[in-house]
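# Understanding the architecture of this molecule
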Amino acid sequence: MSKTLLDTDLASRLRFTVMRLARRLRQTGDSDATLSQLSALSSIDHRGPLTLGELAAVERVAPPSMTRIVSHLEDRGLVSREVDAADRRVSRVSTTAEGQRLLERSRNKKTAYLAARIENLSDEDRALLQRALPVIERLVGDPE
């Protein structure tokens, strides 16, 4: 089998496996927030107060879509908006305590799910997964 076919097969299997894992983790999160809302909330929490434009760029969605997502998060009390002191036309979005609690609960459930699955692996498979993790992290990293 040629290198190109091997790489294509590897890419296909990895894509399928990652998508299934992501779906299972979403189902495990046990939140009524959408995937887009949770992703935006996580970005806000991780990167600090952001403008809607900055958040749309981080999430790679159109600004009108981000406006709707943030409005839903704000209606649920998960984020708050504050007018920028330097430019009153701009507001920054921050995660509220309730938003942080929701993220923490979701992360804990997902981590527990994965930890239980990893615990059932053999020592050899756990070691292999540990060695493969940096490679997977580089694959999902933002291109330079």
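Everything below is about the structure shown above.
Ranked by size, the top nonpolar core spans 18 residues in total, and within it Leu41, Leu55, Met66, Val70, Leu73 and Val79 carry the most contacts. Of all elements in the fold, only helix H2 (35–47), helix H3 (52–59), helix H4 (63–75) and helix H5 (97–119) reach the threshold of two or more residues within this core. For Leu55, the contacting residues outside a window of four places in its chain are Ala40, Ser43, Ile44, Leu50, Met66 and Val70.

What follows covers H3. Buried residues of H3: Leu52, Leu55, Ala56 and Glu59, and no others. The arc enclosing the buried residues of H3, seen along the axis, measures out at 100°, which places them on a common side. Contact partners of the buried residues in H3: H2, strand E1 (50–51), H4, strand E2 (79–83) and strand E3 (91–95). Directly beyond the C-terminal end of H3, a positive phi value near 60° is found at Arg60.

It is worth spelling out a positive patch on the surface at this point. A contiguous patch of positive charge, built from Arg20, Arg23, Arg24, Arg26 and Arg117, is present on the exposed surface. Along the chain, Arg117 turns up in helix H5.

Quick look at the sheet that holds E3 now. Whether parallel or antiparallel, the strands of a sheet pair through hydrogen bonds between backbone atoms. Read across the open sheet, the three strands follow the order E1-E3-E2; overall the sheet is antiparallel. Strands with a single pairing partner mark the edges of an open sheet, and in this sheet they are E1 and E2. Contacts from H2 reach E1, E2 and E3 within the one sheet, and its direction differs from that of E3 by about 95°.

By the definition in use, this model includes eight salt bridges. Across the pair Glu98 and Arg101 runs a salt bridge, and its minimum N-O distance is 2.8 Å. Of this pair, Glu98 and Arg101 are both found in helix H5, three residues apart, which corresponds to roughly one turn of the helix. The class of Glu98 is partly exposed, set by a relative accessible area of 30%. The class for Arg101 is partly exposed, based on a relative accessible area of 45%. With a closest N to O distance of 3.9 Å, Glu98 and Arg105 form a salt bridge.

About the cut-offs
Residues numbered from 1 in each chain as written. Predicted model: local features only at pLDDT ≥ 70, side-chain atom pairs only at ≥ 80, totals over all residues. Heavy atoms only, no water. Core = buried A, V, L, I, M, F, W, Y, C linked by side-chain atoms within 4.5 Å. Buried < 20%, exposed > 50% of the residue type's maximum accessible area, 1.4 Å probe, protein only. Helix = DSSP H or I, 4+ residues; strand = E, 2+ residues; numbered from the N terminus. Contact = heavy atoms within 4.5 Å. Arc of directions from axis to C-beta. Patch = residues over 30% accessible without salt bridge, like charges linked within 9 Å, V, L, I, M, F, W, Y side chains within 5 Å. Areas by Shrake-Rupley, 256 points an atom, 1.4 Å probe, with all protein chains shown as cover. Salt bridge = Lys/Arg side-chain N within 4 Å of Asp/Glu carboxyl O. Lys, Arg positive; Asp, Glu negative; His and termini not counted. Charge placed at Lys NZ, Arg CZ, Asp CG, Glu CD. Pairing = 2+ DSSP bridges. Axes fitted to C-alpha atoms, helices over the stretch in contact; angles between N-to-C directions.

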